[in-house]
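Coordinate analysis (summary)
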Amino acid sequence: MFILSYYEISYQYPHLLGIILPLPILHGFFLYWYTLQTTGKSISTTSVMWHLIPFVLLTTLAVPFYMLPASEKLYVFRNAGKGFEWYSLIQNALFVIVGLSYSIASVVRLKKYRKKVLNTFSNTEKGTLLWLEYISYGFAIVWLVAYPTPDQYLFTGVAFFVLFIGAFGINRTDVFIPSIQKEDSETTPAKYQKSGLNSSDTVKLSDQLRSFMEKNKPYKNANLTLDELAEMMQINSNQLSQVINGQEGRTFYHYVNSFRIREFLVASATADSRKFTYAGLANECGFQSKTTFNKYFKMETGKTPSDYFQSLPLEIAVA
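Residues numbered from 1 in each chain as written. Predicted model: local features only at pLDDT ≥ 70, side-chain atom pairs only at ≥ 80, totals over all residues. Heavy atoms only, no water.

1. Here's the deal with the overall build of the protein
Counted only if it meets this: Each helix corresponds to a stretch of at least 4 residues labelled H or I by DSSP, and each strand to a stretch of at least 2 residues labelled E; elements are numbered beginning at the N terminus. Residue burial is assigned from relative accessible area. The probe radius is 1.4 Å, only protein chains are included, and a residue is buried under 20% of its type maximum, exposed over 50%, and partly exposed in between. When checking whether two residues touch, look at their non-hydrogen atoms; a contact exists if any pair is within 4.5 Å.
Along the backbone of the protein there are 19 helices and 0 strands. Out of the 319 residues belonging to the protein, those deemed buried represent 41%. Look at the contacts in the protein between residues 6 or more apart in sequence, and 70% of them connect residues 24 or more apart.

Put into structure tokens, the structure is as follows:
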């Protein structure tokens, strides 16, 4: 619609003029709605209607323009909105306020969701929706620079931004599962109050978990989830989560990756490890990402893999 107006193609069809006026305000809500759906939270039809109020308001305020004869519509557009300056002020104010509000709401939702992912999955590659958070920040910037930026630059930038969204959206990985959705309405303390574990039970289960991890090495499964581990141990996943978060002081993701690093250190010290590269050995221990491996290796040892092995005595490093 902007291109048709910019090249004055729509001037040949005056009924097209003004259609674009309220449309950009939908971007904020659509971003938020998409974020909710992607993170497993539904939105009711009634809620949708409330969220559409700013769009309906801008559309209603534009009715006087829509009612103008074709010649007067052309006059307004060719003279920078003359006679409707008041509409531009309201439009720009709503764009910034509504757009920023939805961008912030999307980021808050994604951060909350990421915590649940880290407490449910041992591999979060592409699963924390960090790209969607970046998009939310990007939209916030769009709203902030929209008013002072010439339209041709703004709309060109937004066009490329939409292509960026599409590329990442198509390649995203669905990671939410029913257990995340069920926890969505519960705060962590309330959730754990229902687990039935007292302090002595928690310590006992923590020891049982550590023993199970060391003996059976379920962490070698790169896609291990909290529910799968709980099923292996024949315990309640909510209780398992409480032990890992409360007793161990870690998320499920961090807890499992710490065992993977320990396994890597043991495996790398054996003669059989010579046939593996460090990346291959890390993969055998359950890591799917070099970045994640390097991050947790330094977290557990205080050094990068290269620095760590360089610091070892020569005979150990060679072995």
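2. Quick notes on a nonpolar patch on the surface
Selection rule: Grouping into patches uses exposed residues only, defined as over 30% relative accessible area, and leaves out salt-bridged ones; the cut-off is 9 Å for like charges and 5 Å for nonpolar side chains (Val, Leu, Ile, Met, Phe, Trp, Tyr). Throughout, the Shrake-Rupley method with a 1.4 Å probe supplies accessible areas, and for residues the shown protein chains are the sole cover considered. The salt bridge criterion pairs a side-chain nitrogen of Lys or Arg with a carboxyl oxygen of Asp or Glu, the two atoms within 4 Å.
On the surface, Ile3, Tyr6, Tyr7, Ile9 and Tyr13 cluster together into a nonpolar patch covering about 560 Å² of accessible area. Along the chain, Tyr13 turns up in the loop between helix 1 (2–6) and helix 2 (26–38). Residue Tyr13 is classed as partly exposed on the basis of its relative accessible area of 43%.

3. Observations regarding the packing of aromatic side chains
Test applied: Here is the rule: rings of Phe, Tyr and Trp (six-membered ring for Trp) pair when centre to centre is within 6.5 Å. Planes less than 30 degrees apart are stacked, more than 60 are edge-to-face, and the remainder are tilted. By the criterion adopted, a ring carries a charge over it if an Arg CZ or a Lys NZ lies within 6 Å of its centre and within 35 degrees of its normal.
As enumerated under the stated definition, the model contains 20 aromatic pairs in all. Consider the rings of Tyr32 and Tyr102, whose centres lie 5.7 Å apart with planes at 40°: the pair is tilted. Note that Tyr32 is positioned in helix 2 and Tyr102 in helix 7 (residues 85–118), a separation of 70 residues in sequence. Comparing Tyr32 with Tyr102 shows no difference in burial state: the two are buried. Between Phe65 and Phe84, the aromatic rings sit 5.7 Å apart at their centres with planes inclined by 90°, giving edge-to-face as the arrangement. Here Phe65, found in helix 5 (residues 63–66), pairs with Phe84, found in the loop between helix 6 (70–78) and helix 7; they are 19 residues apart in sequence, far enough to count as distant. Note on Phe65: relative accessible area 4%, which makes it buried. We classify Phe84 as buried; its relative accessible area is 15%. Over the aromatic face of Phe259 sits the side chain of Arg262, whose NZ or CZ is 4.6 Å from the ring centroid.

4. Some points on the packing of helix 12 (residues 199–216) against helix 14 (residues 237–247)
Using the following cut-off: For helices, the fitted axis covers only the stretch in contact; all axes are lines through C-alpha atoms, and the angles between them, taken along N-to-C directions, range from 0 to 180 degrees. Working definition: roughly parallel below 35 degrees, roughly antiparallel above 145 degrees, roughly perpendicular at 65 to 115 degrees, and oblique for all remaining angles.
Between helix 12 and helix 14, whose axes approach to 10 Å, the crossing angle comes to 95°. Judged by the angle between their axes, helix 12 and helix 14 are roughly perpendicular. Residues Thr202, Val203, Leu205, Ser206 and Leu209 of helix 12 pack against Gln239, Leu240, Gln242, Val243, Ile244 and Gln247 of helix 14.

5. Details of the confidence of the model for the protein
Where we set the bar: A residue's pLDDT is the confidence the predictor assigns to it, expressed on a 0 to 100 scale.
Taken residue by residue, the protein gives an average pLDDT of 81. The fraction at 70 or more is 85%. Per-element confidence in the protein ranges from a low mean pLDDT of 42 for helix 19 (residues 314–318) to a high of 96 for helix 4 (residues 53–61). Here residues 175–190 scores under 50 on pLDDT; set against residues more than four positions off or in separate chains, the count is 29 contacts. The low-confidence segment residues 314–319, where pLDDT is below 50, has 9 contacts with residues more than four positions distant or belonging to other chains.

6. Describing the environment of Glu133
We apply this condition: Polar contacts, as counted here, are pairs of nitrogen or oxygen atoms within 3.5 Å of one another; within protein the pair requires one atom able to donate a hydrogen and one able to accept it, and residues that are adjacent in sequence qualify only if both atoms are side-chain atoms.
Within the element layout of this structure, Glu133 appears in helix 8 (residues 130–146). Classification of Glu133 by relative accessible area gives buried; the value is 4%. Separated by 23 residues in sequence, Glu133 and Leu110 place their C-alpha atoms 6.7 Å apart. Those residues in contact with Glu133 that sit more than four places away from it in its chain are Val107, Leu110, Lys111 and Arg114. In terms of polar contacts, Glu133 uses its side chain to reach the side chain of Lys111, at 3.2 Å.

7. Side note on helix 13 (residues 226–233)
Going by this rule: The directions from the helix axis to the C-beta atoms form the arc being described.
Buried residues of helix 13: Leu226, Leu229, Ala230 and Met233, and no others. Looking straight down helix 13, one finds that the buried residues subtend no more than 100° of arc, so they occupy a single side. Contacts made by the buried residues of helix 13 are with helix 12, helix 14 and helix 15 (252–268). Once helix 13 finishes, Gln234 follows within two positions and takes phi at roughly 60°, a positive value.

8. Here we look at helix 14
One turn of an α-helix holds 3.6 residues; hence residues three or four places apart share an orientation. All of the buried residues in helix 14 are Asn238, Leu240, Ser241, Gln242, Val243 and Ile244. You can read the cap of helix 14 off the contacts: a side-chain oxygen lies 2.7 Å from the backbone nitrogen of Asn238, and it is on Asn236. Just past helix 14, the residue Gly249 takes up positive phi, approximately 70°.

9. Looking at the packing of helix 4 against helix 7
Put simply, the rule is: We call Asp, Glu, Lys and Arg charged. Ala, Val, Leu, Ile, Met, Phe, Trp, Tyr, Cys and Pro are nonpolar, and the rest, Gly among them, are polar.
At a closest axis distance of 11 Å, the pairing of helix 4 and helix 7 adopts a crossing angle of 170°. Taken together, helix 4 and helix 7 sit at an angle that is classed as roughly antiparallel. Where helix 4 approaches helix 7, its residues Pro54, Leu57, Leu58 and Leu61 are matched on the opposing element by Trp86, Tyr87, Ile90, Gln91, Leu94, Phe95 and Val98. Of the residues assigned to the contact of helix 4 with helix 7, the class counts are 10 nonpolar, 1 polar and no charged.

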